[in-house]
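# Descriptive analysis of the structure
Okay, here's what each chain looks like letter by letter:
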Amino acid sequence: MGLSEDRSAAAARSDQTGLSVTVLGCSGSYAGPGGACSGYLLDDGTSKVWVDAGPGTLANLQRHVGFDEVDAIVLSHEHPDHWSDLEGWQVVWRYRLQREGFPVYAPASVRGHTYAPDSPAFAWHDVTGGDTVTIGAMRFTFSRTDHGPETLAMRVDAGGRSLGYSADTGPAWSLEALGPGLDLALCEATMTIEEEGTLQHLSARQAGLSARAAGAGRLVLTHLWATLDPEQSRAEASVAFGAPVEVATVGARYEL
Ligand SMILES: [Zn+2]
Ligand SMILES: [Zn+2]
């Protein structure tokens, strides 16, 4: 690569103010055919953070970045559809890259579920509701949701933009808890309207209401069960949100 190409690449990076979200997986609870569970790659132009590491997300991560480009992992909760590819990442980091101390931010309960909780591959950082953590230039603020185990939704502020991610939640928690000014809300929409109240999850309708209450600029639905019709979920959420809504797909990239 010549000097001018170096300069243009650097200029492109410095021009990139803001935040992007690439979907590594978005199936709810278990992966649909050819799919992957929850995982998102956040990129503010200087740092890359992998949020949730559900089954299939490590495979998809490799379509977007090199292993050594990932700065940290943030995990929302102990349900394996949100972290089980951390096991593969432990092998990558310790035996393929032969490194130690990769930063993992998670509720304290997650570590004990892993195969090698004392592996030197990882530097674990316990986080809980109300905590704020800075990774590179991204600021994460956590909020405990309405879900079985300790589950942390998160607001991510970077480059003057703000992302809200619900993680898993029931309707007793709202995206409003992440504060005003969310440019994009990535909200779980696990169930059908008929199933509302049967589990600590949301329907697309409830996701739409939550994002509307929070005043989010955009709403992207995620964590849909593979049995749902995404078009129906999109339509129900759009009515509740009061504006068109998108449904996450593997590989989709959202620029905030
Ligand atoms: Zn889940
Ligand atoms: Zn869960």
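It should be emphasised that the depicted structure is a prediction, and the values quoted were computed from it without experimental measurement. For every chain, the first residue of its written sequence is number 1, and the numbers climb from 1 along that sequence. For naming, the first written chain is A and the first written ligand is 1, with later ones following in the order written. This being a predicted model, a pLDDT of at least 70 is required before a residue's local features are given, and a value of 80 or more before pairs of side-chain atoms are given or counted; all residues contribute to the totals for chains, interfaces and linings. The side-chain numbers reported here are obtained from all heavy atoms of the structure, hydrogens and water having been left aside.

What follows deals with the sheet that holds strand β6 (residues 122-126). The pairing criterion for strands is at least two bridges between them, as found by DSSP. Strands here mean DSSP runs of E at least two residues long; helices mean DSSP runs of H or I at least four residues long; both are numbered from the N terminus. Read across the open sheet, the 7 strands follow the order β6-β5-β4-β3-β2-β1-β14; overall the sheet is mixed. Each of the sheet's edge strands pairs with one partner strand only, and the pair in question is β6 and β14 (253-255). Adjacent strand axes in the sheet meet at a mean angle of 20°, parallel and antiparallel pairs treated alike. Sheet topology places strand β4 (residues 72-74) next to strand β5 (residues 102-106); 2 bridges connect them, and they run parallel. In the sheet register, I73 faces β5, and the bridge partner there is V104. In what follows, a contact means two residues having at least one pair of non-hydrogen atoms within 4.5 Å. Axes here refer to lines fitted to C-alpha atoms; in helices the fit is confined to the stretch in contact. Angles between the N-to-C directions go from 0 to 180 degrees. Against the sheet, helix α3 (residues 86-96) contacts β3 (48-53), β4, β5 and β6, and its axis sits at roughly 140° relative to β6.

The next thing to look at is the sheet that holds strand β11 (residues 184-188). Pairing in this open sheet of 7 strands is mixed, and the strands run β7-β8-β9-β10-β11-β12-β13 from one edge to the other. Looking along the sheet, the strands with just one partner apiece sit at the ends: β7 (132-135) and β13 (246-247). The pairing of strand β8 (residues 138-144) with strand β9 (residues 152-158) spans 6 bridges and is antiparallel. Looking at β9, one finds that R139 is bridged to D157.

For the rest of this paragraph, the subject is the coordination of the zinc ion (ligand 2). At this site the zinc ion (ligand 2) is bound by H77 (NE2), H79 (ND1), H147 (NE2) and D168 (OD), with donor distances of 2.1 to 2.3 Å. A 2.8 Å cut-off from the metal defines N, O and S donors, relaxed to 3.2 Å for Na, K and Ca; water is not in the atom list, so some sites may appear incomplete. Here a site with four donors is tetrahedral if all angles are between 85 and 135 degrees, and a site with four or six donors is square planar or octahedral if opposite donors are over 155 degrees apart and the other angles are between 65 and 115; anything else gets the irregular label. Its 4 donor atoms give the zinc ion (ligand 2) angles of 93 to 163° at the centre, a pattern that matches the irregular case. All donor residues of the zinc ion (ligand 2) come from one chain, and their arrangement in sequence is H-x1-H-x67-H-x20-D. Metal-to-metal, the separation of the zinc ion (ligand 2) and the zinc ion (ligand 1) is 3.6 Å; D168 coordinates the two. In this pair, H77 sits in the loop between β4 and α3 while D168 sits in the loop between β10 (161-165) and β11, placing the two residues 91 residues apart along the sequence. Taking the relative accessible area as the measure of exposure, D168 reaches 1% and is therefore buried. Partly exposed describes any residue whose relative accessible area lies between the buried limit of under 20% and the exposed limit of over 50%, with all areas from a 1.4 Å probe on protein chains only and scaled to the type maximum.

Note on the zinc ion (ligand 1): its protein donors are D81 (OD), H82 (NE2), D168 (OD) and H223 (NE2). The metal-donor distances range over 2.1 to 2.2 Å. One way to put it: the 4 donor atoms around the zinc ion (ligand 1) meet at angles of 88 to 164°, and that makes the site irregular. Considered as a linear motif, the donors of the zinc ion (ligand 1) on their single chain read D-H-x85-D-x54-H. Relative accessible area serves as the criterion here: at 8%, D81 is assigned to the buried category. When its relative accessible area of 0% is taken as the criterion, H82 is described as buried.

Two elements in contact, helix α5 (residues 204-214) and helix α6 (residues 230-241), have axes whose closest approach is 7 Å; the angle formed by their N-to-C orientations is 30°. Classified by the interaxial angle, the pair formed by α5 and α6 is roughly parallel. In terms of crossing hand, the pair formed by α5 and α6 is right-handed. Judged by residue contacts, A204, R205, G208, L209, A211 and R212 of α5 engage S233, E236, A237, V239, A240 and F241 from α6. For classification, angles of less than 35 degrees are called roughly parallel, those exceeding 145 degrees roughly antiparallel, those between 65 and 115 degrees roughly perpendicular, and all remaining angles oblique. By the definition used in this description, the sense in which the near helix is turned from the far one sets the handedness, with an anticlockwise turn below a right angle giving left-handed and a clockwise turn giving right-handed.

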